[in-house]
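Chain by chain, the residues run as shown.
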Amino acid sequence: MRILFAIVALAGLAWSGWWWVHASSRDAALERWLAERRDAGWVADAGDVSVRGFPNRLDAVVTDLALADPRSGWSWTVPEFQILSMSWKPNHVIAVWPGEQVVASPYETVRVESSEMRGSVVFEAGLGLTLDRTAIEIGDMRLRGESGWEAGIGKAIFSTRQSGGDAPDFAHDLAFAASDLTPPAFLGALDVGGVLPATVEVLNLDSTLVFDRDWDRASVEGENPRLLEVRLRDASAVWGSLDLRGQGVLKADARGYAEGEIKLRARNWSEMLTLAERSGAIPQGLAGPLRAGLDLIATLS
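Cut-off values and rules
Note that residues are indexed from 1 along each chain, following the sequence as it is written. The predicted origin of the model limits local features to residues at a pLDDT of at least 70 and limits the giving and counting of side-chain atom pairs to 80 or more, whereas totals for whole chains, interfaces and linings rest on all residues. Values shown for side chains rest on all heavy atoms present in the structure; no hydrogens or waters enter the calculation. Two strands are counted as paired when DSSP detects at least two bridges linking them. By the criteria applied, helices consist of DSSP H or I runs no shorter than four residues and strands consist of E runs no shorter than two, each listed in order from the N terminus. When the centres of two rings from Phe, Tyr and Trp lie within 6.5 Å, Trp using its six-membered ring, the rings pair. Their planes under 30 degrees apart give stacked, over 60 give edge-to-face, and anything left gives tilted. Look at NZ for Lys and CZ for Arg. If either is within 6 Å of the ring centre and within 35 degrees of the ring normal, a charge sits over the ring. With a 1.4 Å probe rolled over the protein chains alone, any residue whose accessible area is under 20% of its type maximum counts as buried; one over 50% counts as exposed, and the rest are partly exposed. Pairs of N or O atoms are called polar contacts if they sit within 3.5 Å, as long as, within protein, a hydrogen donor faces a hydrogen acceptor (for residues adjacent in sequence, only side-chain-to-side-chain pairs). Any two residues having at least one pair of non-hydrogen atoms within 4.5 Å are treated as being in contact. By nonpolar core we mean a set of buried residues, namely Ala, Val, Leu, Ile, Met, Phe, Trp, Tyr and Cys, connected to one another through side-chain atoms within 4.5 Å. Each reported salt bridge corresponds to a side-chain nitrogen of Lys or Arg within 4 Å of a carboxyl oxygen of Asp or Glu.

Peer 1: Help me understand the pairing of strand β9 (residues 131-145), please; the structure alone is not making it clear to me.
Peer 2: Bridge count for strand β7 (residues 109-113) against β9 is four bridges, and the pairing is antiparallel. The partner of Arg111 across the bridge, within β9, is Arg144. In this sheet, β9 lies alongside strand β8 (residues 116-123) in antiparallel orientation, the contact comprising eight bridges. Paired with Glu116 across the two strands is Gly139, which belongs to β9. Relative to strand β10 (residues 150-162), β9 is paired through eleven bridges, and the arrangement is antiparallel. Bridge pairing in β10 places Ile136 opposite Phe158. Between β9 and β10, which pair antiparallel one after the other, the connecting turn spans four residues, and Gly148 there sits at a positive phi close to 110°.

Peer 1: So what exactly am I meant to see when it comes to the packing of aromatic side chains here?
Peer 2: Aromatic ring pairs are defined here through the distance separating the ring centres and the angle between the ring planes. By the definition in use, this model includes four aromatic pairs. Ring geometry for Phe211 versus Trp215: centroids 5.6 Å apart, planes at 90°, classification edge-to-face. Pairwise contacts between aromatic rings join Trp76, Phe81 and Trp97 into one cluster. Taking NZ or CZ as reference, Arg37 lies 5.6 Å from the ring centre of Trp42, over its face.

Peer 1: Can you help me understand the side chain of Thr208 in this one?
Peer 2: Mapped onto the secondary structure, Thr208 falls in strand β12 (residues 200-211). Classification of Thr208 as buried rests on a relative accessible area of 4%. Among the polar contacts made by the side chain of Thr208, one reaches the side chain of Asp173 at a distance of 2.7 Å. Among all residues touching Thr208, those that are not within four sequence positions of it are Ser163, Ala171, His172, Asp173, Glu229, Val230, Arg231 and Arg233.

Peer 1: Help me out: how do you make sense of the nonpolar core in this one?
Peer 2: Across soluble globular proteins, nonpolar side chains have a tendency to be buried as a group. If you look at the biggest cluster of nonpolar residues, it comprises 33 residues, and the most contacted ones within it are Leu65, Trp76 and Phe81. Those residues in contact with Phe81 that lie beyond four places of it in its chain are Ala60, Val61, Val62, Leu65, Trp76, Ala95, Val96 and Trp97.

Peer 1: Even after reading the chapter, I still don't get the pairing of strand β11 (residues 171-182), so can you show me in this structure?
Peer 2: Remark: a regular strand shows side chains that alternate across the two faces of the sheet. In this sheet, β11 lies alongside β10 in antiparallel orientation, the contact comprising ten bridges. Within β11, the residue paired with Ala156 across the bridge is Ala178. Examined bridge by bridge, β11 and β12 share ten bridges and lie antiparallel to one another. The residue of β12 that forms the bridge with Leu174 is Ser207.

Peer 1: Would you explain the pattern of salt bridges in this entry?
Peer 2: When the charged atoms of two side chains lie near each other, side chains of opposite charge can form a pair. Under the definition given, this model contains 14 salt bridges. One salt bridge connects Glu100 with Arg111, and the closest N-O pair in it is separated by 2.6 Å. Of the two residues, Glu100 is situated in strand β6 (residues 100-104) and Arg111 in strand β7; the sequence distance between them amounts to eleven residues. We note a salt bridge from Arg231 to Glu229, for which the minimum N-O separation is 2.7 Å. Taken together, the shared-partner salt bridges connect Glu113, Arg142, Arg144 and Glu150 into one network.

Peer 1: In this structure, what is going on with unusual backbone geometry? I would like to understand it.
Peer 2: Negative phi characterises most residues that are not glycine, and trans characterises most peptide bonds. In this structure, Asp140 is a non-glycine residue whose phi angle is positive, near 50°. With a relative accessible area of 52%, Asp140 lands in the exposed category. Positive phi is not limited to glycine here, since Phe170 has a value of about 60°. Given a relative accessible area of 34%, Phe170 falls into the partly exposed group.

Have a look at this one:
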């Protein structure tokens, strides 16, 4: 009995030591990453960095986090950000965003509020942290711009994964599905006649993106991979009686511009044209010829 007790005690001590080493390593890695960003010219401040969850979890909690890249003009500020994982699966990380955060760009500062924003990220095993797949769920999100506009998302799921089969190297499948989107008020000018509902019912994207190299730790901390090709299997939006769908392939030319073909299928396109005409998006004199030409194409198809 005493031998069994000794074995259990030694196993417990070994596990405790293993957890402490990994917790200390994660804490040190986060502090080191923030210091490296500051050395690179970023603003990278945090009120506190701690790792919790003994014995089965490694949960890093960063409070009062502020990141800003002066070269690009982007910044991100949150009161708390959590990076969660199980002790035996350190390459599978769950990120939890707070209910309120601020994102700034050279063009606008946006306050983001949500009831849920949680993501799962799986890396390949190794120090390079090559991205395998991701999934982010969003619920009841509101976006408020400093210039006074507001927008919202009822529910959305964003996901990526390394492409398999015959896909090129460094290709990732990307999908996005959202419902009950409230567009910014300035888009209301498109609906002068009050034909459209206040929310966009459905927005879907199913695609494959081909890059020139892996998304990994080095690409995030340095220069991002270059996008070479977009394979669009389905891009669709349903807004009241309007239904727009597209598919095709775009490739980057030698100058980095997109070239290729996107096939569009529009239901109730005449109403779309009317909305564009009413809002002034197209001149009055151009709407008639466009309508006649599109009507001829629709008849032929």
